[in-house]
Amino acid sequence: MTFLEPQRLWWLLLIVLLVAAYVFAQRQRRDYTLRFTNLELLDQVAPHRPDVRRHVPAGLFAMTVAVLIAAMAVPAMPVEAPRERATIIVAVDVSLSMAATDIEPDRLHAAKESARGFVETLPDRFNVGLVSFSSTATVVSPPTQDHAAVTGSIEGLRLGPGTAIGEGVFASMEAIRGFDEEAEEDPPPSAIVLLSDGENTSGRDIAQASAEAAEQEVPVSTIAFGSGAAMIEIDGYQVPADIDKEALRGLAQDTGGHFYEAESETELDEVYEDIGSSLGTEYVHEEIVTRFVMVALLLSMATALTSLLWFQRLP
């Protein structure tokens, strides 16, 4: 629990003053009582001296005031709430190394299947965009709530030479900034999910991309796709399909995202499910002032009830 207006808690000092005034009044009352020199006569006039119960209404009243002051400070609890205007860009590496078959039937096919499943499980209110990158990056589908259109675009992805991871991030950022007329001044809550299996060989480097994403507060979650122990044929030659896991890990860490390793289609399904869950909601503070007012009301009723039962008067 937290307080949205914590400066108002200074009013709790009023409770200290009330307690001090009450203690002073009780001492004055005792001093006045002791002026009776004939204690036997005092016992006959008031044979049943008030016990500790006489302080209960005062204590309840002090508690009531304290709870009301706490209510003034606007208490709130963190609760999960759907992200409004949430935008997710799925950036897919379509370089030639994605033809490697260490994930059946090949990396690109498995990536498509998992990406489609990820988009289909997102809430309808989410805006989803698609970026593909090889030697350059292209916004295949701008952010939209038409998820069916995005999944159709995923199916149409084709391989190309080169790997421009940095350009993939920059293209994703451009898609986010072009989301609507307010995006430049008030960007939507957004994230990038980047899937790659290769080293950055084209365009701007990853360090530039991560700095831009970090400045814009857009987390980039990266997925190192494949086992790394694979060969592909390019122009009749067998070349290794390497994975630069450290670069992808650094991109995620520098932007506040998460790094994942997926070496099978099943693992990718779990990765996407985790990302979708983390991006789907955010914690916001929900006011609980009413609860405090109800507690104060109960305390005030208890104050009146104890005073009536024990002393036949309201405090």
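Since this is a predicted model, take the numbers as computed values, not measurements. (Residues numbered from 1 in each chain as written. Predicted model: local features only at pLDDT ≥ 70, side-chain atom pairs only at ≥ 80, totals over all residues. Heavy atoms only, no water.)

Caption draft 1: The packing of helix H4 (residues 107-121) against helix H5 (residues 147-155), seen in detail. For the pair H4 and H5, interaxial distance at closest approach is 10 Å and the crossing angle is 175°. Taken together, the axes of H4 and H5 lie roughly antiparallel to each other. Touching Lys-112, Ala-115, Arg-116, Val-119 and Glu-120 of H4 are His-147, Val-150, Thr-151, Ile-154 and Glu-155, all from H5. Across the contact of H4 with H5, the residue classes tally to four nonpolar, two polar and four charged. (Axes fitted to C-alpha atoms, helices over the stretch in contact; angles between N-to-C directions. Helix = DSSP H or I, 4+ residues; strand = E, 2+ residues; numbered from the N terminus. Parallel < 35°, antiparallel > 145°, perpendicular 65-115°, else oblique. Contact = heavy atoms within 4.5 Å. Nonpolar A, V, L, I, M, F, W, Y, C, P; charged D, E, K, R; others polar.)

Caption draft 2: Quick look at the environment of Val-169. With respect to the helices and strands, the residue Val-169 is situated in helix H6 (residues 165-177). Between the alpha carbons of Val-169 and Ile-192 there is a distance of 7.7 Å; along the sequence they are 23 residues apart. With near-sequence residues (within four places) excluded, Val-169 lies in contact with Ile-192, Leu-194, Ala-209, Ala-213, Val-220 and Leu-251.

Caption draft 3: View of helix H3 (residues 56-72). With 17 residues, H3 should cover 24 Å at 1.5 Å per step; its first-to-last C-alpha distance of 25 Å lies within 8% of that length. Those residues of H3 that fall on the buried side of the exposure criterion are Pro-57, Leu-60, Ala-62, Thr-64, Val-65, Val-67, Ile-69, Ala-70 and Ala-71. (Expected span 1.5 Å × (residues − 1). Buried < 20%, exposed > 50% of the residue type's maximum accessible area, 1.4 Å probe, protein only.)

Caption draft 4: Seen up close, the environment of Gly-168. As for its placement among the helices and strands, Gly-168 is situated in helix H6. On a C-alpha basis, the gap between Gly-168 and Val-90 in space is 9.7 Å, while along the polypeptide they are 78 residues apart. When near neighbours in sequence (up to four residues on either side) are disregarded, Gly-168 contacts Val-131, Phe-133 and Ala-137.

Caption draft 5: Representation of unusual backbone geometry in the model. In the Ramachandran plot, Val-74 falls in the positive-phi region, its phi being about 55° despite a non-glycine side chain. Take Val-74: it is sitting in the loop between H3 and strand S2 (75-82). Its identity is not glycine, yet Glu-217 carries a phi of approximately 60°, on the positive side. If you trace the backbone, Glu-217 turns up in the loop between helix H7 (206-215) and strand S7 (220-225). Overall, Glu-217 belongs to the exposed group, its relative accessible area being 67%.

Caption draft 6: Seen up close, the environment of Val-16. Its location among the elements puts Val-16 in helix H1 (residues 13-33). With relative accessibility at 52%, the residue Val-16 sits in the exposed group. Each C-alpha atom, one on Val-16 and one on Ala-62, is 9.2 Å from the other, the two residues being 46 residues apart in sequence.

Caption draft 7: Examining the sheet that holds strand S3 (residues 87-93) more closely. Strand order in the open sheet formed by six strands is S5-S4-S3-S6-S7-S10, with mixed pairing between adjacent strands. The outermost strands of the open sheet, each flanked by one partner alone, are strand S5 (137-144) and strand S10 (259-262). Between one strand and the next, the sheet's axes are offset by a mean angle of 15°, whatever the strand orientation. In this sheet, strand S6 (residues 190-196) lies alongside S3 in parallel orientation, the contact comprising six bridges. Note that in S6 the partner of Thr-87 across the bridge is Ser-190. Set on the sheet, H6 makes contact with S3, strand S4 (127-133), S5, S6 and S7; between it and S6 the angle comes to about 155°. (Pairing = 2+ DSSP bridges.)

Caption draft 8: View of the side chain of Asn-127. Secondary-structure assignment places Asn-127 in strand S4. Judged by relative accessible area, which is 7%, Asn-127 ranks as buried. Those residues in contact with Asn-127, other than ones at most four positions away along the chain, are Arg-85, Ala-86, Thr-87, Ile-88, Pro-143, Thr-144, Gln-145 and Phe-179.

Everything listed here is a matter of coordinates, which is why it stays silent on function.
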